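# Structure assessment
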Amino acid sequence: MIMNKSTNDWNRGGLPVWAYGNPQLSELEKERVFRRHWLCAGHVSEIPNAGDYFCFDAADERALVMRGADNEIRVFHNLCRHRGSRVTAERSGHCRSAIVCPFHGWSYNLDGSLRTVAAPKSFPDIDKSRFGLKPVEHEIWHGLVFVRFKGGGPSVAETMAPFEAEAAPYKLADMEPIGDYYEVRLPIDWKAVVDIDNEGYHVPIGHPSLHQLFGPNYVDEAPRGGISRSFSAFQETGARLWSVRHYLNLLPEAEHLPESHRRAWLYLSVFPASVLSFYPDSFEYYQMLPLGPEECLVRGREYALPDARREMRAARYLCQRINNHTSKEDNQLMMWFREGMKSSAFDGLILSDLERGVRAYHDQLRELMPILERAEPPSPGEIEAELNGSAGN
Ligand code: FES
Ligand SMILES: [Fe+2]
């Protein structure tokens, strides 16, 4: 790639160090960033039959995604109206005709309406119509179930519109899981995970396998309406690692995709933290969620169109192998970055033009939480006051 000499016309600093691992800011982020934006909860193929469900927890909220007897997918707060228990004990499963709370046994119909109260004579008359499970706003985009715990703002379809034509040929809605759902807890602020995902500058050194697959073709684009796009045509020759070489050799022609995407990788990152990663043979969503100021969860799953051909199975295995290496490498790199910030010698960062995505993401956070403009840590009371000002609907 030929680059013009860089100029000094943009701010190359990152977020202030105090913004990482800050307990009060973590609460503000849950409220402003995670409850008020669309989050990818899962895929419709996980709940093919009436009564199938999966759960999705984020930012101290709990969602229950349920396929009803009428085949409709609904999303509820996983919150019993009696005393707030979860109404499903497992992460995913099947309810025959009712959802029965594991605490005292109140039951709900699959459409969320209250069905029975345990020991009803122990209560005065209860108006059942007032005690159904509370709905959560949701939208299904190409088979992916997005939820938004607090409303307002554009729909998923509107947000994704600039990328609709590019994503549609992958036929995500027809895909099935090809791997287990995974969750990884990391002892690190979630923003450190997103930071590393927002730049490809580290790929040539930090990800040897991925770099052999992409070569110099990798490009990160500036975000558009909260979506960041990266793209790389595969580098067809010169791979030394056997997994990359064999992946390139075995990968069958993806006839459902346009020529430009048959041997290429596409990455769409949906603000705040849902990543859609498309290969010609498979698709993965993953997501970073805060669990606390210095703990986060990375969760996701891989999917593909039904295809039992041996060469396709082998290509998918190799693709997963390359991606597993990449995420292990990222985990190490982000830990070193986060540790470095705690050092007395750390005095900020200087971003390359190839890391503009980090700055652009931080700008979106600054817009939602102007307190991030402060170089010095604000007092806990100041962040709390900002949080109290925004906690309503
Ligand atoms: S909390 Fe669900 S029945 Fe009591
Ligand atoms: Fe990486």
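To keep things clear, this report deals only with the structure shown in the data block. Please read all numbers here as calculations on a predicted model, not as lab measurements.

Here we come to the nonpolar core. Counting 66 residues, the largest nonpolar core has Leu 25, Phe 56, Leu 213, Phe 234, Tyr 247, Tyr 279 and Leu 365 as the members making the most contacts within it. A per-element tally of this core places helix 8 (residues 310-341) first, with six residues. If we skip the residues at most four places from it in the chain, Leu 213 touches Ala 233, Phe 234, Gln 235, Val 244, Tyr 247, Leu 248, Tyr 279 and Ile 322. Within the second largest apolar cluster, 27 residues are counted, among which are Leu 144, Met 160, Ala 254 and Leu 305.

Our focus in this paragraph is the packing of aromatic side chains. Summed over the entire model, instances satisfying the criterion amount to 19 aromatic pairs. Consider the rings of Trp 265 and Tyr 279, whose centres lie 6.5 Å apart with planes at 45°: the pair is tilted. Within this pair, whereas Trp 265 is found in strand 15 (residues 264-270), its partner Tyr 279 is found in the loop between strand 16 (274-278) and strand 17 (283-292), the two being separated by 14 residues in sequence. Accessibility expressed as a relative area gives 8% for Trp 265, which makes it buried.

On to the coordination of the iron ion (ligand 2). Coordination of the iron ion (ligand 2) by the protein comes from His 202 (NE2), His 207 (NE2), Asp 330 (OD) and Asp 330 (OD), over a distance range of 2.0 to 2.6 Å. Bound by four donor atoms, the iron ion (ligand 2) shows angles of 55 to 152° at the metal and therefore irregular coordination geometry. Look at where the donors of the iron ion (ligand 2) fall in the sequence and you get H-x4-H-x122-D. Taken together, the residues His 202 in the loop between helix 4 (190-197) and helix 5 (203-206) and Asp 330 in helix 8 connect sequence positions 128 residues apart.

Calculation rules
- Residues numbered from 1 in each chain as written.
- Chains lettered and ligands numbered in written order.
- Predicted model: local features only at pLDDT ≥ 70, side-chain atom pairs only at ≥ 80, totals over all residues.
- Heavy atoms only, no water.
- Core = buried A, V, L, I, M, F, W, Y, C linked by side-chain atoms within 4.5 Å.
- Buried < 20%, exposed > 50% of the residue type's maximum accessible area, 1.4 Å probe, protein only.
- Helix = DSSP H or I, 4+ residues; strand = E, 2+ residues; numbered from the N terminus.
- Contact = heavy atoms within 4.5 Å.
- Phe/Tyr/Trp six-rings, centres within 6.5 Å; stacked < 30°, edge-to-face > 60°.
- Donors = N, O, S within 2.8 Å, 3.2 Å for Na, K, Ca; no water.
- Tetrahedral: all angles 85-135°; square planar, octahedral: opposite > 155°, others 65-115°.

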